4 protein chains.
Amino acid sequence: MESWRTAVVNADDTHIWVHGYDVTDLMRQAGFVETVFLLHRGRLPNAGERKLLDAVLVGSADHGPGAPSCATARLAASGNRQSVSAAIAAGVLAIGDEHGGAGELCMQLVVDGLAAVAASGGTLEEAARRAVEDARREGRRLPGIGHRSHTTDPRVATLFDLAREAGIAGDGIRFMRALEASAAALIKPLPLNIDGALAAILHDLGFPPRAAKFIFIIGRVAGLTAEVAEEYAREKPMRIKIPVTYDGPAARPLPPQDRKGKQD
Amino acid sequence: MESWRTAVVNADDTHIWVHGYDVTDLMRQAGFVETVFLLHRGRLPNAGERKLLDAVLVGSADHGPGAPSCATARLAASGNRQSVSAAIAAGVLAIGDEHGGAGELCMQLVVDGLAAVAASGGTLEEAARRAVEDARREGRRLPGIGHRSHTTDPRVATLFDLAREAGIAGDGIRFMRALEASAAALIKPLPLNIDGALAAILHDLGFPPRAAKFIFIIGRVAGLTAEVAEEYAREKPMRIKIPVTYDGPAARPLPPQDRKGKQD
Amino acid sequence: MESWRTAVVNADDTHIWVHGYDVTDLMRQAGFVETVFLLHRGRLPNAGERKLLDAVLVGSADHGPGAPSCATARLAASGNRQSVSAAIAAGVLAIGDEHGGAGELCMQLVVDGLAAVAASGGTLEEAARRAVEDARREGRRLPGIGHRSHTTDPRVATLFDLAREAGIAGDGIRFMRALEASAAALIKPLPLNIDGALAAILHDLGFPPRAAKFIFIIGRVAGLTAEVAEEYAREKPMRIKIPVTYDGPAARPLPPQDRKGKQD
Amino acid sequence: MESWRTAVVNADDTHIWVHGYDVTDLMRQAGFVETVFLLHRGRLPNAGERKLLDAVLVGSADHGPGAPSCATARLAASGNRQSVSAAIAAGVLAIGDEHGGAGELCMQLVVDGLAAVAASGGTLEEAARRAVEDARREGRRLPGIGHRSHTTDPRVATLFDLAREAGIAGDGIRFMRALEASAAALIKPLPLNIDGALAAILHDLGFPPRAAKFIFIIGRVAGLTAEVAEEYAREKPMRIKIPVTYDGPAARPLPPQDRKGKQD
């Protein structure tokens, strides 16, 4: 088999290097948040960058057992207690564009908006307005706006304040705030959510759109492990009973025609 | 890299063989149930064996959206609609000793019971009684007995009738019926469930204990695909709201000591 | 919590019904392939439909340990032997548009081609030619054509022959054969693969595009269970060594600037 | 449905609390590593505890594409590019007692060894020796010792040095070093590996055995995201060809007996 190539991690008999840095140096003198930054950007963060990424990870970690990812992990743990990996993986699988992953769509909106400004002039605010108009016309939900349980998501202002304090606030935050304002004017007032804020921050930190899902997943897995640990510790297997209403065909006999047809 | 070895499937430029049989012969003259049997036993089933395995797969396919595997698949689909594989895999992950997989534990009970009879004499009924006594003494739940929503699982009698008609009923069925009787006498009357019946049949078909999970999963994946298809077709993403009650520590400020400690 | 609704399976204390049919009737008088058809179409198949779906499932079941789904399942089993569900789910996760799931893209091509014919006239052959021209112009790979290890996929002709014998061959087969011919004329001769044949058959059986992935997964899970069973039975954990070549940054010390920056 | 209870996360319309701490306080004044500690221990770490957990997470993050978890994630990405969650979850599924999860077994050895000392006297060193003797007699592999690619795992000494510097080194480290020494004396010289070191540290930090898998998974998911990102960025789908050797039955015709038997 052809060798697999990688530029991420190298190892020999007695060393491991991450993008060229000895893992023991990273363990001693840096830390996990720096390593996450390094793994995705190929360089170590400065102090402000580290602080922002750290806050994004904390903000993504857990939102309680009712979040789809957490509920999925607990349900899997309810039927399969042989492998915690199975329950955690099930939780990860619930993360997509609809849950936890809308940041990727937001980051793409920012990138596209900036490209439009660069190509045709106009302001970032106008680009955000066009994004809202497009979504309204095509009946699409705008990513990064609205939350099913928060009127104001407390993590958003905190992230934006931290970004300003660290001198990192840039086009990402400006665009998402403009998107929020245009949506309020053209559709209805809806707060930025954690996906939108995470997208703004990660854009201003220089990450590409796909990183939104990666970073959210890293943060959320911490919460998934705690949800699974609590499920094992406090709950019996098979405890969860989902109420179900059947609205399909009434009970009926097998059709003779099909049965005869079957004996080919 | 060293070549991986296999005795299951071979292929060349223009052929695929499963345990030596040309896949096109299997497609034309056999079928999926025969192929499942072949994949796990290395030979094709006779008519009775095929019928029994077929009925086991039908009986495992679906039990509605409230079954942990089905609910897990739907929850994952609720947050991630980019990959049906993700939702189906999440459903598979909920299958373990506690849900759908107790058949493996039952089959091991049968194997151990028969080994005890072979080693020390006595009857299968006595071995089943000892299994019940052991479980009671150690406070373990007996696998294969009891169901959270059925007083009588309709699939059990059907499988055992089919086994008798096909001349396949053997020690597996005898042991599980004895287990049910001893449990009724020593603990309380509880019906055999599908795990117990599947275990009895698969034992009498010559499958090893681990096959119980494999066969259940093959059947259940059919149901998972239908559950996921219906979730996509009828429901909006993020529709599911799990009611949650918090009973942990009250809101509190960060402790100054720990924060100071952090600034190392 | 609001009750979940379903039209697939109903159950009471002593019965289970699939689309209204008693599961014990399905176990006695029908079978697994009929149940798969029923789960996705809401009715039982006739003899010809059943035979075709059966052959599709057999053809999807296994292609040896080198197929990405099978290799992924074996690798997962190599590190985690606590749960066969984990290994099988890992294998399912490797199934997407690129592996095993191209049938969905093919079925969409057929649906779009037929819609174009209905809207603007012309023949199905012309619609297939336009699909090839579009793909060539946009530099996209055509789904359903070409295979990395077969010059002729033996399953294709078998499926199409069976469809003709059963009187089921229709626009799906006609379109995919026209696509193959146009691709040979405009790009290069490449054989239809199993994804393309499965798509043609499922279209002619009346399934919607998404069903291509569902049906492939049901078939493939049978193979995954056999691959995982063999991995457990014949191989040691952690046996697999992937050869890796590192081509990233050379070993380097941590940058002092970043480290200072970190001590905020 | 009955409400699910939790003591981990609470949320209202405008707040989220983790074990009672406002998530915005954690974002501003603490960080991700503190949050991981909090999620599993219910309190914030002091400076030394934080540093050790941070180093454990860095040491677990990535070991290159050849590690089973990383290879599994890449293989899944090779066939399914619709969902990064699918590839990352596949990687998580490869983590078990055999890969990345042996720390749980080590922590149980430590706990059992300490319990034996408490119950029957003797030293920790004698308990470690008995653990080695038991494993040798029963032909079991000792967890936490030996590595397939390192003669000396560089992360081990670093973790133990950091633990001493932070005043955290305790019975966990002492037991694992004694285990290493007894294994060298009674079996053969084999270095402690990252699982063993992680187990020693987490024990001395007060974590229960199951936490070994949870903490390893949190760290490794960071690496999995980087491996998947590189696979998407640098490699084509379906690029991976595993060499396979078939050693099963030779090509053979379908047996007439079985076919006849089938026409029941």
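Residues numbered from 1 in each chain as written. Chains lettered and ligands numbered in written order. Predicted model: local features only at pLDDT ≥ 70, side-chain atom pairs only at ≥ 80, totals over all residues. Heavy atoms only, no water.

Chemist: Explain the packing of helix α2 (residues 32-41) of chain B against helix α3 (residues 47-60) of chain B to me, and be specific about the residues and the numbers.
Modeler: All names here are of chain B. The geometry of α2 relative to α3 is characterised by a closest axis approach of 9 Å and an angle of 100° between their N-to-C directions. One finds that α2 runs roughly perpendicular with respect to α3. Contacts from Val33, Glu34, Val36 and Phe37 of α2 reach α3 at Glu49, Arg50, Leu53, Asp54 and Leu57. (Axes fitted to C-alpha atoms, helices over the stretch in contact; angles between N-to-C directions. Helix = DSSP H or I, 4+ residues; strand = E, 2+ residues; numbered from the N terminus. Parallel < 35°, antiparallel > 145°, perpendicular 65-115°, else oblique. Contact = heavy atoms within 4.5 Å.)

Chemist: I'd love a proper account of the packing of aromatic side chains, names of residues and values included.
Modeler: Enumeration over the complete set of coordinates arrives at six aromatic pairs over all chains. Note on B:Phe32 and C:Phe32: the rings are 5.9 Å apart at their centroids and 15° apart in plane angle, and the pair reads as stacked. A residue pair is termed interchain when its members come from two chains, as with B:Phe32 in helix α2 and C:Phe32 in helix α2 (residues 32-41). Sitting over the face of the ring of B:Tyr232, B:Arg81 holds its NZ or CZ atom 5.0 Å from the ring centroid. Stacked on the ring of C:Phe207, the Lys or Arg C:Arg41 has its end atom at 5.3 Å from the ring centre. (Phe/Tyr/Trp six-rings, centres within 6.5 Å; stacked < 30°, edge-to-face > 60°. Lys NZ or Arg CZ within 6 Å of the ring centre and 35° of its normal.)

Chemist: Account for the confidence of the model for chain A, with residues named and values stated.
Modeler: All names here are of chain A. When pLDDT is averaged along chain A, the result is 94, and 97% of the positions lie at 70 or above. Within the model, pLDDT remains below 50 along residues 259-264, and this stretch shows 13 contacts once partners closer than five positions in the same chain are excluded. For this predicted complex, the interface score ipTM comes out at 0.95, while the overall pTM is 0.96. (pLDDT = per-residue confidence, 0-100.)

Chemist: Describe the interface of chain C and chain B, naming the residues involved and giving the relevant values.
Modeler: Listed by partner, the interface residues are 81 residues for chain C and 81 residues for chain B. Buried area between chain C and chain B, both sides added, is near 7000 Å², and the carbon and sulfur share of it is 68%. Among the residues of chain C in contact with chain B, C:Trp4, C:Met27 and C:Phe32 are the three that bury the most area, contributing 12% of the side total. In this assembly, chain C and chain B are joined by six salt bridges. C:Arg5 serves as the salt-bridge partner of B:Glu235, at 2.9 Å between the closest nitrogen and oxygen. Seen at the junction of chain C and chain B, the total is 30 residue pairs in polar contact (both at pLDDT 80 or more). Residue contributions to the side of chain C that touches chain B peak at 15 residues, all from helix α11 (residues 211-234) of chain C. (Buried area = accessible area lost by both parts, 1.4 Å probe. Salt bridge = Lys/Arg side-chain N within 4 Å of Asp/Glu carboxyl O. Polar contact = N/O pair within 3.5 Å; in protein donor to acceptor, adjacent residues only side chain to side chain.)

Chemist: Describe the side chain of C:Thr35, with residues and values.
Modeler: Among the secondary structure elements, C:Thr35 is positioned in helix α2. Setting aside residues no more than four positions away along its own chain, C:Thr35 makes contact with B:Val58, B:Ala61 and C:Leu26.

Chemist: Explain the relation of the copies chain C and chain B to me, and be specific about the residues and the numbers.
Modeler: Each of the two chain copies can be brought onto the other by rotation about an axis and movement along it. Laying chain C over chain B is done by rotating through 180° and shifting 0.0 Å along the axis; what remains is an RMSD of 0.0 Å. On the angle and the small slide along the axis, the relation comes out as a two-fold axis. Scanning chain C for the C-alpha nearest the rotation axis identifies C:Ala89, at a separation of 2.3 Å. The overlap is high: 100% of the interface residues of chain C also sit at the interface in chain B, so the same surface is used on both sides. (Least-squares fit on C-alpha atoms with pLDDT ≥ 70 in both.)

Chemist: Tell me about the environment of C:Pro65, and name the residues and values.
Modeler: For C:Pro65, the location among the structural elements is in the loop between α3 (47-60) and α4 (68-79). What makes C:Pro65 buried here is its relative accessible area of 1%. Between the alpha carbons of C:Pro65 and C:Glu231 there is a distance of 9.7 Å; along the sequence they are 166 residues apart. Setting aside anything within four residues of it in sequence, one finds C:Pro65 in contact with B:Trp4, B:Thr6, C:Cys70, C:Ala71, C:Arg74, C:Glu227 and D:Val244. (Buried < 20%, exposed > 50% of the residue type's maximum accessible area, 1.4 Å probe, protein only.)

Chemist: Residue-level account of the interface of chain A and chain D, with values.
Modeler: Listed per partner, the contact involves 81 residues of chain A and 81 residues of chain D. Summed over both sides, the interface of chain A with chain D buries roughly 7000 Å², with 68% coming from carbon and sulfur. Counting the surface chain A buries against chain D, the share from its top three residues, A:Trp4, A:Met27 and A:Phe32, is 12%. Across the chain A-chain D interface, the total number found is six salt bridges. Ionic pairing is found between A:Arg28 and D:Glu165, a salt bridge with its closest N-O pair at 3.4 Å. Considered class by class, the residues forming the side of chain A that touches chain D number 43 nonpolar, 20 polar and 18 charged. (Nonpolar A, V, L, I, M, F, W, Y, C, P; charged D, E, K, R; others polar.)

Chemist: Now, about the packing of α4(C) against α11(C): what can you tell me, with residues and values included?
Modeler: Residues and elements named next belong to chain C. Orientation of α4 relative to α11, taken along the N-to-C sense of each, is 40°, at an axis distance of 9 Å. Note on packing geometry: the crossing formed by α4 with α11 is right-handed. The segment α4 lies against α11, with Ser69, Cys70, Ala73, Arg74 and Ala77 engaging Arg220, Leu224, Glu227, Val228, Glu230, Glu231 and Tyr232. Here the residues of the contact of α4 with α11 are counted per class, giving six nonpolar, one polar and five charged. (Left-handed = near helix turned anticlockwise from the far one by under 90°.)

Chemist: Residues and numbers for unusual backbone geometry, please.
Modeler: For A:His19, which is not glycine, the phi dihedral falls at a positive 45°. Among the secondary structure elements, A:His19 is positioned in the loop between β3 (16-18) and β4 (21-22). Residues other than glycine seldom take positive phi values, yet B:Met238 does so here, at roughly 60°. Given the relative accessible area of 22%, B:Met238 is considered partly exposed.

Chemist: Which residues make up the environment of A:Ile88, and what values do they have?
Modeler: Along the polypeptide, A:Ile88 turns up in helix α5 (residues 84-93). Those residues in contact with A:Ile88, other than ones at most four positions away along the chain, are A:Val221, A:Leu224, A:Thr225, A:Val228, D:Val92, D:Phe214 and D:Ile217.

Chemist: Summarise the environment of D:Pro143; cite the residues concerned and give the values.
Modeler: Residues and elements named next belong to chain D. Inspection of the secondary structure puts Pro143 in the loop between α7 (124-138) and α8 (154-165). Separated by 46 residues in sequence, Pro143 and Asp97 have C-alpha atoms that sit 8.7 Å apart. Sequence-distant contacts of Pro143, defined by excluding residues within four places in its chain, comprise Ala102, Leu105, Cys106, Leu109, Met176 and Leu179.

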